[in-house]
Amino acid sequence: MSFLKDFDPDIYDYCVQELDRQTHHLEMIASENFTLPAVMEAMGSVFTNKYAEGYPFKRYYGGCEFADGVEQLAIDRVCQLFGCSYANVQPHSGSQANGAVYAALLQAGDKLLGMDLSHGGHLTHGAKPSFSGKNYHSFTYGVELDGRINYDKVMEIAKVVQPKIIVCGASAYAREIDFARFREIADAVGAILFADIAHIAGLVAAGEHSSPFPYADVVTSTTHKTLAGPRGGIILTNNEEIAKKINSAIFPGLQGGPLVHVIAAKAVGFKHNLSDAWKTYAKQVKANAHVLAEVLMSRGYNVVSGGTDNHLVLLSFLDKPFSGKDADAALGRAGITVNKNTVPGETRSPFVTSGIRIGSPALTSRGMKEKEFDLIAHRIADVLDDIDNAAKHQAIKEELAKLAEGFILYHQPTY
Ligand code: DSN
């Protein structure tokens, strides 16, 4: 019996179609993943009905004794995971988490230095259309034409700008982020160092990327990208004063009642991230991305920065007669889901772009390894080599759908 099917067949049908899409297409958006059924069960649990404004054991509503247990467990687990002392697990998203950091630590008009959106940064790192670029005086650093951050240049910019806060972390950067170097830069100008590890958190948790602690003053992440938990955000710190300000900024500053069902799901996700299986997963995520980069380069494609240290590969088509938008559409016809992305030296608009971003986390969660990623990388190159050949794309789609059927979605991990 399905309550949803009986009560609302229209939404049920969309769920069925989405499940079919997730099953038969290859999900390669670098910021997406497949969470555990246990996480989804917690998200769909009775806690969706509970108001719990405030924090564990200090609430504004009665009946929170079990919500307290849930939130405290989520806090304890995420602190253990990242080796820090304070956590706020209430942000509804990564953007909310970042907004709370600024609200807690900056005044309107204060100077913020973050990575340029078109160079791989995030909207909330000071981009002008975002609150972070509207409410604060934002400045940016970027990557060189080789696709890497030049830390000496960031230091020079920071010395000129004298920002109150420096944001490090990215949405489309395939190389290890040097948090120690960012600390030196922040110290040189007396800035707060804020690391947004949304993309790499799952790797950090497994020791497969260096940790922002002890270098960053405050750290945010989403929980649904490489961490493979429910959709949401977190804020972490070792500084008690900052932790107090962050808590006030989230509630009552920016949010009302926490999503206790999502916090329960975050706790389940963190239990997964604390397991030995998680270390195996994170290693495989990197190994799979490495295969993607190597094969695509061997097929004549320009991988920005010449490879990857993490879960994603950025391809540049500046040397090709087609755009990121064309590539995204062609790969979509072949059942491979990616996103168009700007690249260093970009000449096209953000709606067209000259690149695509490809990630390994979601297919790794389905159990795919180097052998499958080798095949998929070759098929990506086959599509791009023949970008207008819709019949070929359809044939590849059928081949890959068969491959995908062999890898179960939504299972308990047995890595
Ligand atoms: N939308 C996310 C990404 O794709 O990287 C960032 O918030």
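Please refer to the structure higher up on the page.
Everything numeric in this text was worked out from a predicted model, so none of it was measured.

Focus on unusual backbone geometry
A cis geometry characterises the amide bond from Phe 213 onward to Pro 214, with omega recorded as 15°. Inspection of the secondary structure puts Pro 214 in the loop between helix H9 (201-205) and strand S9 (218-222). The omega angle of the peptide bond from Phe 251 to Pro 252 is 15°, so this bond is cis rather than trans. Inspection of the secondary structure assignment puts Pro 252 in helix H10 (residues 240-254). Positive phi outside glycine occurs at Phe 57, with the angle close to 70°.

Topic: the layout of surface pockets
Of the pockets and cavities examined, the largest pocket occupies roughly 660 Å³. Lining the largest pocket are 31 residues; nearest its centre among them are Leu 117, Gly 121, His 122, Ser 171 and Arg 357. When contributions to the lining of the largest pocket are tallied by element, the ones reaching two or more residues are helix H5 (94-105) and strand S14 (339-341). For the lining of the largest pocket, the class distribution of residues is six nonpolar, 17 polar and eight charged.

Description of the site of the ligand
Residues in close proximity to the ligand include Ser 31, His 122, Ser 171, His 199, Lys 225 and Arg 357, which together make up its full environment. The side chain of His 199 places a nitrogen or oxygen atom 2.6 Å from an oxygen atom of the ligand. Here an oxygen atom of the ligand and a side-chain polar atom of Arg 357 are 2.8 Å apart. The fraction of the free accessible surface of the ligand (230 Å²) that becomes covered by protein chains is 64%. Placement of the ligand is best described as lying within the largest pocket. A class-by-class count of the residues in the shell around the ligand yields no nonpolar, four polar and two charged.

Observations regarding the pattern of salt bridges
On inspection of all chains with the given rule, the structure shows 20 salt bridges. Residues participating in the shared-partner salt-bridge network are Arg 299, Arg 379, Asp 382, Asp 385 and Glu 399.

Considering the packing of helix H13 (residues 324-333) against helix H15 (residues 370-385)
Two elements in contact, H13 and H15, have axes whose closest approach is 10 Å; the angle formed by their N-to-C orientations is 120°. Taken together, H13 and H15 sit at an angle that is classed as oblique. Two packed elements cross with a definite hand, and for H13 against H15 that hand is right-handed. Residue-level inspection shows Ala 327, Ala 330 and Leu 331 of H13 in contact with H15, the latter providing Ile 380, Val 383 and Leu 384. Of the residues contributing to the contact of H13 with H15, the split by class is six nonpolar, no polar and no charged.

Overview of the nonpolar core
Judged by nonpolar contacts, the single largest core of 63 residues is most densely connected at Phe 82, Ile 149, Ile 166, Phe 182, Ile 197 and Leu 236. For this core, the element with the highest residue contribution is helix H4 (residues 65-82), accounting for eight residues. Not counting chain neighbours up to four residues away, the residues in contact with Ile 197 comprise Phe 82, Phe 179, Val 204, Pro 212, Val 219, Thr 220 and Ser 221. If you look at the next biggest cluster of nonpolar residues, it comprises 36 residues, including Ala 293, Val 313, Ile 380 and Val 383.

A word on H13
A turn of α-helix holds 3.6 residues, and therefore any two residues three or four places apart point the same way. All buried positions along H13 are accounted for by Gly 324, Ala 327, Ala 330 and Leu 331. When H13 is viewed along its axis, its buried side chains cluster within an angular range of 130° and face the same direction. Backbone geometry just after H13 places Gly 335 at a positive phi near 80°.

Thresholds, definitions, all that
- Residues numbered from 1 in each chain as written.
- Predicted model: local features only at pLDDT ≥ 70, side-chain atom pairs only at ≥ 80, totals over all residues.
- Heavy atoms only, no water.
- Helix = DSSP H or I, 4+ residues; strand = E, 2+ residues; numbered from the N terminus.
- 1 Å grid on protein atoms, 1.4 Å probe; cavity = no way out; pocket = protein on both sides within 12 Å on 5 of 7 lines; lining within 4 Å.
- Points joined across faces, edges and corners; volume = space filled by probe spheres on them.
- Nonpolar A, V, L, I, M, F, W, Y, C, P; charged D, E, K, R; others polar.
- Near = heavy atom within 4 Å.
- Polar contact = N/O pair within 3.5 Å; in protein donor to acceptor, adjacent residues only side chain to side chain.
- Areas by Shrake-Rupley, 256 points an atom, 1.4 Å probe, with all protein chains shown as cover.
- Sits in = over half its atoms within 2 Å of the grid points.
- Salt bridge = Lys/Arg side-chain N within 4 Å of Asp/Glu carboxyl O.
- Axes fitted to C-alpha atoms, helices over the stretch in contact; angles between N-to-C directions.
- Parallel < 35°, antiparallel > 145°, perpendicular 65-115°, else oblique.
- Left-handed = near helix turned anticlockwise from the far one by under 90°.
- Contact = heavy atoms within 4.5 Å.
- Core = buried A, V, L, I, M, F, W, Y, C linked by side-chain atoms within 4.5 Å.
- Buried < 20%, exposed > 50% of the residue type's maximum accessible area, 1.4 Å probe, protein only.
- Arc of directions from axis to C-beta.

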